[in-house]
Amino acid sequence: MSELPDLHKAMAESLPVYEAPAALRMWAIEQARAVDQESLRDAPSLASMPWVRARSFYKWRTAAGLLIAAAVGWGAASLRPAGGTTPGISATTNQLVDAHVRSLLPSHLLDVESTDRHTVKPWFAGKTDIAPPVVDLADKGFPLLGGRLDYVDGHSAAVLIYGRRLHKINLFVWRSTTGEPPDRSFAVRGYSLLHWTRGGLSYWAVSDAAEAELEAFRDAYVQ
Amino acid sequence: MVRRADKAPDVKKAAAPQAGRFERIVLPHLGAGFTLAMYLTRNTADAEDAVQEAVLRAVRYFPTLRDDDARAWFLTIVRRVCFTAYGTHHQGTDVISIDAAGPQLVDDRDQPDAAASRLQVQQRVRDAIDQLPPLLREAIVLRELQDCSYTEIATVTQVPVGTVMSRLSRARTRLAEMLQDVVDFGDVA
């Protein structure tokens, strides 16, 4: 006669099964709603992903017409302006949005927290090979919140964080390798991105604020 | 008593009735993913980071999810993040014991002596699991704690079913060496 529990019971009685912390769960729900929203409204952007399998897409979307439209208008809906979109750009914008989203998680936003540009700018020295202009735009409605280093799409990037009312703007800066292409805006998974190149530096502003806000931000920043 | 999460924990309740596909299919497994990450990284901060990264990847690769086994799919992503980003494959020495964040496991109504001895047994089981190499630990945790089938474990750990069974058997043998006097291992011991 043995009263010893078997391994299954012993483990179940001894080892905790965890639940995701509430903050993580709330954040995940927001991510889910963003992607679910987009998949309903903006189906071609899903279908335009190279790894999408038409079968699974078709299974849950009854609108076959969308699929055809997606095949034709490859990427046109997910990335503006239409045309000229490359998978490379799509990977970059995706990674920028991921980095932006990650930065909004508790304790991930700032490596150096300061509203003083004289603190933020020297902080980058020695940590990155570029020295992004650090300007305080509080009087234009974009207070400087701090800086951070990040690694995006094969670049180590200096990141400046600005506020815009309740929104945050992550400004990623790295050395440009492509000359000075025209400014472009993108919309990815509900986030706005604005890209510009000045003085050999490539800038990507990412935010959940509206595209027009990012343009106002760029205008304030480059002045 | 032991805190056991249901297969579909409270994420589902929190979801809006019109919850979208990702929310309905993937998020119920957030807790399972976090639990696996806790046993692989063995500290809360890394486990949270790993699950965050896994959710971001899951969002991106969601269109490739074809069948109904979202749990194995999500656990696969979580595991890959843990092994690549957090170096779980290294036998770290700076290990934070998983029981630090564990729940109160002892029923207050027990006699003091019985409670104390149960607590000791639970501590020994946790220590024994802690001492297993990561590959054996994840196999036994997925099997006994998260009730995964051999096929699911094979999917999550990306090895053939035969390898899964051999790892489980090795894990049980190792555990039996440490816990023979408090756990009934049947014919393994």
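What you are looking at is a predicted structure, and each value in this text was computed from that prediction instead of being measured.

Can you break down the overall build of chain B residue by residue, with the values?
Regarding its fold elements, chain B presents 9 helices and 0 strands. Put simply, chain B runs from its N terminus to its C terminus through helices and strands in the order α-α-α-α-α-α-α-α-α. Burial statistics for chain B: of 189 residues in total, 41% are counted as buried. A separation threshold of at least 6 residues defines the contact pool for chain B, and within that pool the share at least 24 residues apart is 61%.

How would you explain the overall build of chain A if you had to name every residue and give the values?
Within chain A, the secondary structure is distributed over 8 helices and 7 strands. Here chain A, with 223 residues, has 36% of them falling under the buried criterion. Excluding contacts between residues fewer than 6 apart, the proportion of contacts in chain A whose partners are at least 24 apart in sequence is 52%.

Break down the packing of helix H4 (residues 44–61) of chain B against helix H5 (residues 70–85) of chain B for me, citing the residues and quoting the values.
Residue and element names in this part refer to chain B. Where H4 contacts H5, the two axes come as close as 9 Å, and the packing angle between them is 125°. Between H4 and H5, the crossing angle belongs to the class labelled oblique. The hand of the H4/H5 crossing is right-handed. Counted together, Ala-50, Val-51, Glu-53, Ala-54, Arg-57 and Ala-58 of H4 and Phe-74, Ile-77, Val-78, Val-81, Cys-82 and Ala-85 of H5 form the full contact between these two elements. Residues of the contact of H4 with H5, tallied by class, amount to 10 nonpolar, no polar and 2 charged.

Lay out the nonpolar core with the relevant residues and their values.
One recurring pattern in soluble globular proteins is that nonpolar side chains are buried together. Residues Leu-171, Phe-172 and Ala-205 of chain A together with Ala-37, Val-51, Ala-54 and Val-78 of chain B are the most contacted members of the largest nonpolar core, which totals 91 residues. Ignoring anything within four residues of it in the chain, the contact list for Ala-205 of chain A reads Ile-169, Leu-171, Leu-193, Leu-194, Leu-214, Phe-217 and Arg-218 of chain A.

Outline unusual backbone geometry, listing residues and values.
Residues and elements named next belong to chain B. Positive phi is not limited to glycine here, since Arg-42 has a value of about 60°. The topology assignment puts Arg-42 in the loop between helix H3 (30–41) and H4. Look at Arg-42 and you get buried, because 21 C-beta atoms sit within 10 Å. If you check the backbone angles, Gln-158 has positive phi at about 60° while not being a glycine. Note on placement: Gln-158 falls in the loop between helix H8 (150–157) and helix H9 (161–179).

Lay out the environment of Arg-184 of chain A in plain terms, naming residues and giving numbers.
Residue position: Arg-184 of chain A is located in strand E5 (residues 184–188). In sequence terms Arg-184 of chain A and Thr-197 of chain A are 13 residues apart; their C-alpha atoms lie 9.9 Å from each other.

Explain H3 of chain B to me, using residue names and the numbers behind them.
Residues and elements named next belong to chain B. For H3, built from 12 residues, the straight-helix expectation of 16 Å at 1.5 Å per residue is met to within 8% by its first-to-last C-alpha distance of 16 Å. H3 sits mainly inside the fold: 12 of its 12 residues count as buried. Turning to H3, its buried residues number three or more, namely Leu-30, Gly-31, Ala-32, Gly-33, Phe-34, Thr-35, Leu-36, Ala-37, Met-38, Tyr-39, Leu-40 and Thr-41. At the exit of H3 stands Arg-42, carrying a positive phi of roughly 60°.

Please give an account of the environment of Val-135 of chain A that cites residues and values.
Residues and elements named next belong to chain A. Considering the arrangement of structural elements, one finds Val-135 in the loop between helix H7 (117–124) and strand E2 (144–152). The spacing of Val-135 and Gln-223 is 88 residues in sequence and 9.8 Å in space, taken between C-alpha atoms. In contact with Val-135, other than residues within four places in its own chain, are Arg-117 and Tyr-221.

Go over the pairing of strand E3 (residues 155–164) of chain A, please, and point to the residues and values.
All names here are of chain A. Judged from the 8 bridges that link them, E2 and E3 form a sheet pairing that is antiparallel. Across the sheet, Val-152 pairs through a bridge with His-155, a residue of E3. Both E3 and strand E4 (residues 167–175) contribute to a ladder of 7 bridges, which runs antiparallel. Bridging across to E4, Leu-160 finds its partner in Leu-171. Between the antiparallel neighbours E3 and E4 lie 2 residues, among them Arg-165 with a positive phi of about 50°.

Report on the pairing of E4 of chain A, specifying residues and quantitative values.
Sheet topology note: the E4 of chain A/strand E7 (residues 201–207) of chain A ladder contains 7 bridges and is antiparallel. Following the sheet pairing, Phe-172 of chain A is matched in E7 of chain A by Trp-204 of chain A.

Describe the confidence of the model for chain B, naming the residues involved and giving the relevant values.
All names here are of chain B. Chain-level pLDDT for chain B is 78 on average; 72% of the residues reach the 70-or-more range. Mean pLDDT across the secondary structure elements of chain B bottoms out at helix H1 (residues 11–14), with 42, and peaks at H9, with 94. Between residues 1–18, whose pLDDT stays under 50, and residues either more than four places distant or in other chains, the model counts 23 contacts. Across residues 89–109, confidence stays below pLDDT 50; counting only partners more than four residues off in sequence or on other chains, it has 23 contacts.

Go over the packing of H8 of chain B against H9 of chain B, please, and point to the residues and values.
Residues and elements named next belong to chain B. H9 packs onto H8 with a crossing angle of 100° between their chain directions and a minimal axis gap of 9 Å. In terms of axis orientation, H8 runs roughly perpendicular to H9. In contact with Tyr-150, Thr-151, Ile-153, Ala-154 and Thr-157 of H8, H9 contributes Val-161, Val-164 and Met-165. Each residue belonging to the contact of H8 with H9 can be placed in one class, and the counts come to 6 nonpolar, 2 polar and no charged.

So, how was this worked out
- Residues numbered from 1 in each chain as written.
- Chains lettered and ligands numbered in written order.
- Predicted model: local features only at pLDDT ≥ 70, side-chain atom pairs only at ≥ 80, totals over all residues.
- Helix = DSSP H or I, 4+ residues; strand = E, 2+ residues; numbered from the N terminus.
- Buried ≥ 20, exposed ≤ 12 C-beta atoms within 10 Å, placed from the backbone.
- Contact = placed C-beta atoms within 7 Å.
- Axes fitted to C-alpha atoms, helices over the stretch in contact; angles between N-to-C directions.
- Parallel < 35°, antiparallel > 145°, perpendicular 65-115°, else oblique.
- Left-handed = near helix turned anticlockwise from the far one by under 90°.
- Nonpolar A, V, L, I, M, F, W, Y, C, P; charged D, E, K, R; others polar.
- Core = buried A, V, L, I, M, F, W, Y, C linked by C-beta atoms within 7 Å.
- Expected span 1.5 Å × (residues − 1).
- Pairing = 2+ DSSP bridges.
- pLDDT = per-residue confidence, 0-100.

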